[in-house]
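Below are the chains, spelled out letter by letter.
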Amino acid sequence: MTTPAVLGIDLGTTEVKAGLVDLDGRLLAITRAGYGLEVGYGPGWAEQDPGAWWSAVVAVVRALRPPEAVDIVAIGVDGHGPTLVAVDERGEATRPAITFLDTRAAAEAEELGAATGLRGWALGPLPAALWMERHEPAVARRTAWYLTTWEWLAFRLTGETVAPLVPQQAVPDAAALAATGLHADRRPRPSAMGAVDGTLTATAADALGLAPGIPVANGTNDAFASYLGAGLLEPGDAYDPGGSAGGFGVYWHEPLEVPGAFVTPAPLAGRYSVGAAMAATGRALDWFRDEIVGSGLATDRLLDEAAATPPGADGLVFLPYLAGERSPIWDPTATGVFAGLTLSHHRGHLARAILEASALAIRHVTRPMLEAGVRVTAMRACGGPARSDAWNQVKADVTGFEVLVPAVLETAVLGSAMLGAVGIGAWPNLESAIRAMTRIDHRIAPRPELRATYDRLFDAYVALYPAVAPILRPLAEVLA
C-alpha cells in the first residue's frame, strides 16, 4: 500500500530543499544541496547561476529516500525573491540571475514605483529587468521571459510560463511600465498561486527520476510558503523564518504604512503581510563557527556555550551586519561590529552575543510595526535555528513574544507542499490545508525577570549603528 504525498521544493537563497509531505502534513523525507552566491563584480551586485539551481534540484529530488513507499500526487514550489531570472524561449538563462540581495537597480525601482504606484516586492523582478535592458541590451534582445525563481522552476518542470498572484495582489499597469521603456510583455500571463497550469514534462521527469504527468502547482516566494507552513492564519500570527538571511513577518487585517517594512497582500484572502527581511542574521553563527573559531567545532557546542553564558553576554553587543543590512536600516555598506569586548570575554560570550543579535534584530524591525498598530499574538520560530530551544528562549526573552515551535521546522517545504495539495483538490482551500497539515510542537514563554536586561541591551544595540557608521563607512570606501 502506498502513501499519497506531495513533493515540496524550496529554492532558497543558498540551498535547495526537497521534501515529501503526506496529506496530513507529516514530513516523510527531506534532502538539501547548496550553491554559491557571487558578489562583488559590480557595486551592490549579488548574482547566481540558474544552472547550479537546476543541478541542485535534480540532486536533491533523486536523493529523496522516504521511509515507506509513496505515490507523488503533486508538486509544489517556492523560491527566493524577488530575483530576476532572464531566460530564452527554451528556458535557458541569458545571464546570471540578479538576486533580491542585489542593489544595482535601486534607481529603476524608484522610477517604476513612481510610474505604477507599487513599491518593493510588489514590483517583483521588474526593476532588475529594466536595469538589464538599459545596461545589457544585447542580453535583453536574447531574452524571452523575465521570471521569478518560482516561476522559473515551474517552467523547468512543466514548460509553461505563468505569473502566480496571491489574493488581492495588484498587477502593474502595462501602459505605465511601457512608458519607462520596459518590455513588460516578457512577463508571463497572470494565474493564481496554487493553481495547476502544467504537469511534469517527460524531459524533466527523466532528469528527476519521477513519472511524467504529475500536476505542478503554481508557486510563491519562500517567505509566503513559510507563512503557510508555519500555520499563520489570523491577524497577529507571526513568524521568524530562521534562514540564512533572517526576517520577520506578521499578518494584519488591513494595509498600513510601516517605515522600513514590506506591506503586501498575504497568501490568504483578507490578510496583509507586514514583513521585514534582514541580510545575514541567520548566517552569523555559521560564519563565526567556520571563519573565526574553525577546527571543525560543532554548532551544538557553540550553542551550549552560549546557553551557559549570562543574558546580555556580560555587556557584549553584536551588530549582525555581515552582508550590509536591509530592514530596518537599508544600508548595503553597513558592517558587523562586536562592541564592549574585554579580556574577560570568551568564545561563549561571542556566541551568546550572536544569538542575542538575531533576536535584537527582530525586535528592531518589529518596533515600527507595533507603533503602527500591529499586534503580535505569538511568533513561530522556523528553520534550523528553531532546533535549539536555547536560541528560541533568547528570542522570546528579547522580543517579549511567546515563541511557538512548529512540528515541521522546514516550513517553506511544507508550505509549497500545501500548494500542491490544494492544487489537486486534496484540501478545498489553503485555510483548511493549514488547519489539517500544521501543528505546534511546543511553546516557549518570555521570562519577565530578564526584561530590564534586554531593554538596556536593545537600547545599546539600536544606538550602536548610527554611532559607528560615520566612522566605518569612509574606511570601507577607501579600502574598496
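Note that the coordinates shown come from a computational prediction; the quantities given were computed from them, not determined experimentally. (Residues numbered from 1 in each chain as written. Predicted model: local features only at pLDDT ≥ 70, side-chain atom pairs only at ≥ 80, totals over all residues. Heavy atoms only, no water.)

Asks: For this particular structure, what's the right way to read the overall build of the protein chain?
Replies: For the protein chain, the count of helices and strands is 15 helices and 22 strands. The C-alpha radius of gyration computed for the protein chain amounts to 22 Å, which stays within 12% of the reference 23 Å derived for 480 residues, consistent with globular compactness. Along the first, second and third principal axes, the C-alpha set of the protein chain runs to 65 × 55 × 45 Å. Buried positions account for 57% of the 480 residues belonging to the protein chain. Surface exposure of the protein chain reaches about 18,600 Å², of which carbon and sulfur atoms provide 55%. Of the charged side chains in the protein chain, 36 are positive and 52 negative, and the gap between their average positions amounts to 1 Å. (Helix = DSSP H or I, 4+ residues; strand = E, 2+ residues; numbered from the N terminus. Rg over C-alpha atoms; globule rule 2.2 N^0.38 Å. Buried < 20%, exposed > 50% of the residue type's maximum accessible area, 1.4 Å probe, protein only. Areas by Shrake-Rupley, 256 points an atom, 1.4 Å probe, with all protein chains shown as cover. Lys, Arg positive; Asp, Glu negative; His and termini not counted. Charge placed at Lys NZ, Arg CZ, Asp CG, Glu CD.)

Asks: Could you clarify how one ought to interpret the pairing of strand β2 (residues 15-22) in this entry?
Replies: On any regular strand, side chains alternate: one points to one face of the sheet, the next to the other face. Counting buried positions over the eight residues of β2 gives seven, a clear majority of the element. Here seven bridges tie strand β1 (residues 3-11) to β2, and the two strands are oriented antiparallel to one another. Looking at β2, one finds that Asp10 is bridged to Lys17. Linking β1 back to β2 in an antiparallel pair, the connection comprises three residues. (Pairing = 2+ DSSP bridges.)

Asks: Can you help me understand the pattern of salt bridges in this one?
Replies: Where side chains of opposite charge bring their charged atoms close, a pairing between them can arise. For the coordinates displayed, the defined rule picks out 31 salt bridges. Linked by salt bridges that have partners in common, Glu15, Lys17, Arg32, Arg387 and Glu410 make up one network. (Salt bridge = Lys/Arg side-chain N within 4 Å of Asp/Glu carboxyl O.)

Asks: Can you walk me through empty space enclosed by the protein in this structure?
Replies: Left-over empty space is what a probe sized like a water molecule reveals as it rolls over the atoms. Taken as a whole and assessed by the stated rule, the structure comprises five cavities of 30 Å³ or more. Size it by volume and the largest cavity reaches roughly 80 Å³. When contributions to the lining of the largest cavity are tallied by element, the ones reaching two or more residues are α11 (347-371) and α12 (389-399). When the residues that make up the lining of the largest cavity are grouped by side-chain class, the tally is four nonpolar, seven polar and two charged. Estimates place the volume of the second largest cavity at around 70 Å³. Asp331, Thr333, Ala334, Thr335, Tyr465, Val468, Ala469, Leu472 and Arg473 are the residues that line the second largest cavity. Counted by class, the lining of the second largest cavity contains five nonpolar, two polar and two charged residues. (1 Å grid on protein atoms, 1.4 Å probe; cavity = no way out; pocket = protein on both sides within 12 Å on 5 of 7 lines; lining within 4 Å. Points joined across faces, edges and corners; volume = space filled by probe spheres on them. Nonpolar A, V, L, I, M, F, W, Y, C, P; charged D, E, K, R; others polar.)

Asks: Would you mind showing me how to read the environment of Val250 here?
Replies: Assignment of secondary structure puts Val250 in strand β15 (residues 247-252). When its relative accessible area of 0% is taken as the criterion, Val250 is described as buried. Put simply, Val250 and Asp290 are 40 residues apart on the chain and 32 Å apart in space, counted from C-alpha to C-alpha. The residues touching Val250, leaving out its near neighbours within four places in the chain, are Tyr227, Gly236, Asp237, Ala238, Tyr272, Ser273, Val274, Met369, Val374, Arg375 and Val376. (Contact = heavy atoms within 4.5 Å.)

Asks: What's the story with the sheet that holds strand β5 (residues 46-48) in this structure? I'm lost.
Replies: Hydrogen bonds between backbone atoms are what pair the strands of a sheet, whose relative direction is either parallel or antiparallel. With antiparallel pairing, three strands are arranged side by side in an open sheet as β4-β5-β8. Every other strand in the sheet has two partners, leaving β4 (38-39) and β8 (97-98) as the edge strands with one partner each.

Asks: For this particular structure, what's the right way to read the sheet that holds strand β17 (residues 272-277)?
Replies: In space, the seven strands of this open sheet follow the order β16-β17-β15-β14-β20-β21-β22, with mixed pairing throughout. Here the strands that pair on one side only, and so sit at the sheet edges, are β16 (262-265) and β22 (440-444). The mean inter-strand angle of the sheet, taken between neighbouring strand axes irrespective of direction, is 25°. Here four bridges tie β16 to β17, and the two strands are oriented antiparallel to one another. (Axes fitted to C-alpha atoms, helices over the stretch in contact; angles between N-to-C directions.)

Asks: Even after reading the chapter, I still don't get the side chain of Thr148, so can you show me in this structure?
Replies: By secondary structure assignment, the location of Thr148 is in the loop between β9 (145-147) and α5 (149-158). Owing to a relative accessible area of 2%, Thr148 belongs among the buried residues under this scheme. What Thr148 contacts, discounting residues up to four positions off in sequence, is Thr83, Val85, Pro125 and Arg187.

Asks: Sorry if this is basic, but what is going on with α11 here?
Replies: Given 3.6 residues per turn, any residue in an α-helix points the same way as the ones three and four places further on. Compared with an ideal rise of 1.5 Å per residue, which puts 25 residues at 36 Å, α11 spans 36 Å between its outermost C-alpha atoms and is within 8% of the ideal. The largest bend along α11 measures about 30° and falls at Val365, with the proline Pro368 one to four residues further on. Across the 25 residues of α11, 21 count as buried, placing the element largely inside the fold. Just past α11, the residue Gly373 takes up positive phi, approximately 110°. (Expected span 1.5 Å × (residues − 1). Bend = angle between axes of the 7 residues up to and from the residue.)

Asks: Just checking my understanding: could you explain the packing of helix α9 (residues 284-293) against α11 for this structure?
Replies: Packed helices, taken two at a time, are described by the angle their axes make and the gap between the axes. Between α9 and α11, whose axes approach to 9 Å, the crossing angle comes to 155°. For the element pair α9 / α11, the angle class is roughly antiparallel. Of the two possible hands of crossing, α9 and α11 adopt the one that is right-handed. Residue-level contacts link Ala284, Leu285, Phe288 and Val293 of α9 to Arg347, Leu350, Ala351, Ile354 and Leu355 of α11. Grouping the amino acids of the contact of α9 with α11 by side-chain chemistry returns eight nonpolar, no polar and one charged. (Parallel < 35°, antiparallel > 145°, perpendicular 65-115°, else oblique. Left-handed = near helix turned anticlockwise from the far one by under 90°.)

Just distances and angles here, no functional claims.
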